[in-house]
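# Understanding the architecture of this molecule
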Amino acid sequence: NAFPFFATMFTLPQSSKAALDRPIVRVHEPLAVWKHLAALSHFTPDPPLIDLDTVDALLDAAQKYQIENMPTRIRYALLQPELLEEEPFRVYALATTHGLSDIALRAARRTLTLPTVYGSNSASLTNVSAAVYQQLLDYRRRCGEAASELARLTPEGGIPPWIAKDQSRWRHLTTTCHGSCAHTSKTLLVHESNEDSPTIHVRIRTSWLAYLKALGEELERRPNSNNATSPALIGPVIASASSCSQCAK
């Protein structure tokens with residue numbers, strides 16, 4: 001037997017009403033849980049998809065029946081892309097409750113694609129401790145701060161260094177022409193002078209600066225790279241260039 005506890009299960013005291021030829025042990029788990037326990041104990045290949053309610057019950061059963069390797073065997077369930085994508089908060093709660101720290105981290109990362117841990121999402125964290133809940137909030141806050149920093153201008157009023165390093169990829173999209181658009185642009189520092197090259201300033205379209213500011217704010221709330229290609233943020237930049245025959249190109 002893969003689970004030693006079950007080997008002695010029927011040696012437990014029997015009810016006086018139990019059939020003499022067949023020992024009975026009353027359990028509280030539903031049949032679905034025992035079917036999965038049986039499959040896992042016999043190492044059944046390709047076990048069926050398990051929903052989170054069943055996973056939760058299996059993990060509780062593992063603790064109750066002292067099945068030390070059960071959490072390892074149901075990792076495949078918690079790591080299913082469908083569950084991580086659709087219910088990362090609940091996967092995080094289950095993983096932290098049962099000491100599966102690596103799965104908890106993957107689920108925490110997935111929660112970053114969602115804007116908040118309040119509302120319906122908070123219901124998934126009902127059974128976690130205040131300390132675990134605070135850890136998730138702190139993790140999301142620090143990730144948001146790090147992501148938003150990428151869109152922030154330098155203290156000297158220059159382009160973020162990681163953007164400035166590759167001018168060929170952004171300069172033609174963000175700078176204005178020499179005509180009327182130049183009057184509504186802002187001159188920013190791109191590169192400080194050194195022994196090998198001079199200082200470089202460029203005229204940056206104000207709508208692109210507004211895009212960076214809005215992107216930084218959104219990344220702080222929801223540090224997801226998809227925000228950078230949000231039509232709501234990019235649209236005003238395109239519209240501002242479209243009104244000029246030169247910049248529209």
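Because the structure is predicted, anything quoted here is derived from the model rather than measured.

Calculation notes
- Residues numbered from 1 in each chain as written.
- Predicted model: local features only at pLDDT ≥ 70, side-chain atom pairs only at ≥ 80, totals over all residues.
- Heavy atoms only, no water.
- Helix = DSSP H or I, 4+ residues; strand = E, 2+ residues; numbered from the N terminus.
- Axes fitted to C-alpha atoms, helices over the stretch in contact; angles between N-to-C directions.
- Parallel < 35°, antiparallel > 145°, perpendicular 65-115°, else oblique.
- Contact = heavy atoms within 4.5 Å.
- Patch = residues over 30% accessible without salt bridge, like charges linked within 9 Å, V, L, I, M, F, W, Y side chains within 5 Å.
- Areas by Shrake-Rupley, 256 points an atom, 1.4 Å probe, with all protein chains shown as cover.
- Salt bridge = Lys/Arg side-chain N within 4 Å of Asp/Glu carboxyl O.
- Lys, Arg positive; Asp, Glu negative; His and termini not counted.
- Charge placed at Lys NZ, Arg CZ, Asp CG, Glu CD.
- Core = buried A, V, L, I, M, F, W, Y, C linked by side-chain atoms within 4.5 Å.
- Buried < 20%, exposed > 50% of the residue type's maximum accessible area, 1.4 Å probe, protein only.
- Nonpolar A, V, L, I, M, F, W, Y, C, P; charged D, E, K, R; others polar.
- Phe/Tyr/Trp six-rings, centres within 6.5 Å; stacked < 30°, edge-to-face > 60°.

## A few points about the environment of Ser180
By the secondary structure assignment, Ser180 is in the loop between helix H11 (167–174) and strand S1 (185–191). Linking Ser180 and Cys244, residues 64 residues apart in sequence, is a C-alpha distance of 8.7 Å.

## Notes on the packing of helix H12 (residues 206–221) against helix H13 (residues 231–242)
One can describe the packing of H12 onto H13 by two numbers: an axis separation of 9 Å at closest approach and a directional angle of 175°. As summarised for this structure, H12 and H13 are arranged roughly antiparallel, according to the angle between their axes. Between H12 and H13, the contacting residues are Ser207, Trp208, Tyr211, Ala214 and Leu215 on the first element and Leu233, Ile234, Pro236, Val237 and Ser240 on the second.

## Some remarks on a negative patch on the surface
On the surface, Asp51, Glu82, Glu86 and Glu87 cluster together to form a negatively charged patch. Topologically, Glu86 is positioned in helix H6 (residues 81–86).

## What to know about the nonpolar core
If you look at the biggest cluster of nonpolar residues, it comprises 34 residues, and the most contacted ones within it are Val55, Leu78, Val91, Tyr92, Leu125 and Leu136. Going through the elements one at a time, helix H2 (31–41), helix H3 (52–64), helix H5 (75–78), H6, helix H7 (88–97), helix H8 (101–111) and helix H9 (130–149) are the ones with two or more residues in this core. The residues contacting Leu78, other than those within four sequence positions of it, are Leu52, Val55, Leu84, Val91, Leu94, Leu100 and Ile103. If you look at the next biggest cluster of nonpolar residues, it comprises 18 residues, including Ala147, Ile159, Val190 and Leu215.

## Points about the packing of H3 against H7
Relative orientation of the contacting elements H3 and H7 amounts to 5°, with a least axis distance of 11 Å. The pairing of H3 with H7 is recorded here as roughly parallel in orientation. Here Leu52, Asp53, Val55 and Asp56 of H3 lie close against H7, whose contacting residues are Arg90, Val91 and Leu94. Of the residues that constitute the contact of H3 with H7, the class distribution is 4 nonpolar, no polar and 3 charged.

## A closer look at the environment of Phe89
Along the chain, Phe89 turns up in helix H7. Distance from Phe89 to Ser124, taken between C-alpha atoms, is 5.9 Å for residues 35 residues apart in sequence. Not counting residues within four places of it along the chain, the set of residues in contact with Phe89 comprises Thr111, Leu114, Thr116, Val117, Asn121, Ser124, Leu125, Leu136 and Arg140.

## Examining the environment of Leu59
Relative to the assigned elements, Leu59 resides in helix H3. For Leu59, a relative accessible area of 3% corresponds to the buried category. Separated by 36 residues in sequence, Leu59 and Ala95 place their C-alpha atoms 9.7 Å apart.

## Considerations on the pattern of salt bridges
Tallied over the entire structure, the rule returns 10 salt bridges. Here Arg110 makes a salt bridge to Glu85, at a shortest N to O gap of 3.1 Å. You can see Arg110 sitting in helix H8 and its partner Glu85 sitting in helix H6, a full 25 residues away along the chain. Each of Asp138, Arg141, Arg142 and Glu145 takes part in one network of salt bridges that share partners.

## Examining the packing of aromatic side chains
Counted according to the given criterion, the structure contains 1 aromatic pair. With a centroid separation of 6.2 Å and an interplanar angle of 10°, the aromatic rings of Trp170 and Trp208 are classed as stacked. Separated by 38 residues along the polypeptide, Trp170 in helix H11 and Trp208 in helix H12 bring together distant segments of the chain. With respect to class, Trp170 is no different from Trp208; both count as buried.

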